[in-house]
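For reference, the chains in residue letters:
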Amino acid sequence: MTEKNIFDTVIVGSGPAGLTAAIYNLRSDLKTLVISGEQPGGQLTITTIVENYPGFPRGIGGMKLMMDTQEQVRNLGGEIRIGKVEKIQRQNPSKSPLSKGDFEIFMENGDKLISKAIIVTTGAQAKWLGLPKEQELIGHGISGCATCDGMFFRDKVVAVVGGGDVAATDAEFLTKFASKLYLIHRRDELRAQVPQQKKILNNPKIEFLWNSEVKEINPPKSPFDKGDLDNNKLHSILIKNNKTGEEKVLELDGLFVAIGHTPATKFVEGLVEMKESGQIITGKNGEYGTMTSIPGIFAAGDCVDDVYRQAIVAAGDGARAGLDAERWIGNQK
Ligand SMILES: Cc1cc2nc3c(=O)[nH]c(=O)nc-3n(C[C@H](O)[C@H](O)[C@H](O)COP(=O)(O)OP(=O)(O)OC[C@H]3O[C@@H](n4cnc5c(N)ncnc54)[C@H](O)[C@@H]3O)c2cc1C
């Protein structure tokens, strides 16, 4: 094992949580590596403008924010390595869980790294409908985050797809701005908890489209229209009633997809304690709020948090994990 693959902390993921953890570790003089994953900069890199991250009075492009944060990490002497982690294990699993644990990190390209501590910040991917044009129109009418983008739809017509807690909460939130909201759900009743259902079922701004599924985004407006991206902006969707087969076009300014998130935590399954939904459980050890069930492995951001899912929250959590890891390493000496 060469010196270049041995670290104090390895941070898995390069979104707001991972890069912030890196900033804290580097400023504590720890030899720190960030592994970027397939999406260097994380989820924010696919959005257009971020208006709720403090310090940017006119908002900032999601890509720019994350490229600047990567530059900040590099300016502090940190390395960001392109690649994906496949597996983590304790170097000597027979050691007591509370002993000083060096970890082995196996990369997809076959490389092996050793680190005293690991911070997992692999985020969660929003589930999308998987329809043509959907990805191109994210930030141009299509969104996976009502908290982030709701304000852009004041006095506009929007739809929310989904029937769980997130869809119901998003729908309630969006009616503060939208003039009309369609809630499109493929079943004939919501899965959301009853108190949340009550908040929206009698809301006069909401029209429920039960047993309905989105079949097409920006469908052709006439036989001569090829249904192209129409200046890269959402204008309508085609929905189909899965009971009656009836199809109809809804003219829309915004479409919010709220059908769930998948945490990118498969590679630590069976190693650290997780919720059924795949989020990593932290904070059971009172002394270190971001420590997982394995001492020396910390986790932060959307791979832990299934409630707030905001960049500033992930960054704050990353700062906590960086501080915890530094303190934990210090206490092992
Ligand atoms: C379209 C969109 C718009 C948004 N707009 C806003 C907004 O305006 N304001 C706001 O506050 N929030 C917004 N969010 C939410 C915000 O992006 C997330 O809350 C935040 O990015 C979470 O940060 P994170 O660091 O926890 O994870 P992520 O940003 O998801 O980063 C995860 C990182 O882990 C890496 N990774 C995954 N698996 C592996 C692996 N096995 N090995 C190595 N690396 C791995 C990925 O490549 C990525 O770099 C938006 C989200 C989306 C999808």
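Where an unreviewed UniProt entry is consulted, the protein chain appears under the name Thioredoxin reductase, with the organism given as Candidatus Shapirobacteria bacterium GW2011_GWE2_38_30. Note on the protein chain: under the UniProt heading Subunit (unreviewed entry), the record states "Homodimer." Taken directly from UniProt, the Sequence similarities (unreviewed entry) text for the protein chain runs: "Belongs to the class-II pyridine nucleotide-disulfide oxidoreductase family."

Enquirer: Just checking my understanding: could you explain the site of the ligand for this structure?
Expert: As a matter of local geometry, the ligand sits amid 33 residues, with Gln 39, Gln 43, Asn 52, Asp 302 and Ala 311 nearest to it. One of the backbone N or O atoms of Ala 17 is found 2.9 Å from an oxygen atom in the ligand. Between Gln 310 and the ligand, the recorded distance is 3.1 Å, taken from a side-chain N or O atom to an oxygen atom. Relative to its free-state accessible area of 1,000 Å², the ligand is covered by the protein chains to the extent of 96%.

Enquirer: Could you clarify how one ought to interpret the state of the cysteines in this entry?
Expert: The term disulfide refers to a covalent linkage connecting the sulfur atoms of a pair of cysteines. For the structure shown, the criterion picks out 1 disulfide. A sulfur-sulfur distance of 2.0 Å marks the disulfide that ties Cys 145 to Cys 148. Here Cys 145 and Cys 148 share a disulfide; its torsion about the S-S bond, 65°, makes the bridge right-handed. The closest cysteine sulfur to the non-disulfide-bonded Cys 303 is located on Cys 145, 17 Å from its own sulfur. Looking at Cys 303, the relative accessible area reads 0%, which means it is buried.

Enquirer: How should I be thinking about the nonpolar core in this particular structure?
Expert: Taken as a class, soluble globular proteins show a tendency for nonpolar side chains to be buried jointly. Of all hydrophobic cores here, the largest spans 30 residues; its most connected members are Val 73, Ile 119, Phe 298 and Trp 328. Secondary structure elements with two or more residues in this core: α1 (16-26), α2 (62-75), β8 (112-120) and α6 (311-332). With 7 residues, α6 is the single largest residue contributor to this core. The contacts of Phe 298, once residues within four sequence positions are left out, are Ala 117, Ile 118, Ile 119, Val 120, Tyr 288, Thr 290, Met 291, Thr 292, Ala 321, Asp 324, Ala 325 and Trp 328.

Enquirer: Could you clarify how one ought to interpret the sheet that holds strand β16 (residues 247-251) in this entry?
Expert: The strands making up a sheet associate through hydrogen bonds between their backbones, and the pairing can be parallel or antiparallel. Taken in spatial order, the 3 strands line up as β14-β15-β16 in an open sheet, and their pairing is antiparallel. The open sheet terminates on both sides in strands that have one partner only, identified here as β14 (212-217) and β16. For this sheet the average axis-to-axis angle between neighbouring strands, irrespective of direction, equals 35°. Judged from the 5 bridges that link them, strand β15 (residues 236-241) and β16 form a sheet pairing that is antiparallel. When the bridges of β16 are listed, Ser 236 appears paired with Glu 251.

Enquirer: What exactly am I supposed to notice about the domain arrangement of the protein chain here?
Expert: Accessible area lost on assembly of the parts is the figure often given for the size of an interface. Here the domain parsing of the protein chain yields domain 1 (3-125 + 261-332) and domain 2 (128-257). Centre-to-centre separation of domain 1 and domain 2, based on C-alpha positions: 33 Å. Opposite the 7 residues of domain 1 that make contact, domain 2 presents 8 residues. Summed over both sides, the interface between domain 1 and domain 2 buries roughly 660 Å², with carbon and sulfur atoms accounting for 54% of that surface. Together, Ile 46, Thr 48 and Gln 310 form the three largest contributors to the area buried by domain 1 at its contact with domain 2, with a combined 47%. Between domain 1 and domain 2 we count 0 salt bridges in total. Taken together, domain 1 and domain 2 are joined by 0 residue pairs in polar contact (both at pLDDT 80 or more).

Reading guide: rules and limits
- Residues numbered from 1 in each chain as written.
- Predicted model: local features only at pLDDT ≥ 70, side-chain atom pairs only at ≥ 80, totals over all residues.
- Heavy atoms only, no water.
- UniProt positions renumbered as here; feature names shortened; annotations may be inferred.
- Near = heavy atom within 4 Å.
- Polar contact = N/O pair within 3.5 Å; in protein donor to acceptor, adjacent residues only side chain to side chain.
- Areas by Shrake-Rupley, 256 points an atom, 1.4 Å probe, with all protein chains shown as cover.
- Disulfide = S-S within 2.5 Å.
- Buried < 20%, exposed > 50% of the residue type's maximum accessible area, 1.4 Å probe, protein only.
- Core = buried A, V, L, I, M, F, W, Y, C linked by side-chain atoms within 4.5 Å.
- Helix = DSSP H or I, 4+ residues; strand = E, 2+ residues; numbered from the N terminus.
- Contact = heavy atoms within 4.5 Å.
- Pairing = 2+ DSSP bridges.
- Axes fitted to C-alpha atoms, helices over the stretch in contact; angles between N-to-C directions.
- Domains from an automatic or database assignment.
- Buried area = accessible area lost by both parts, 1.4 Å probe.
- Salt bridge = Lys/Arg side-chain N within 4 Å of Asp/Glu carboxyl O.

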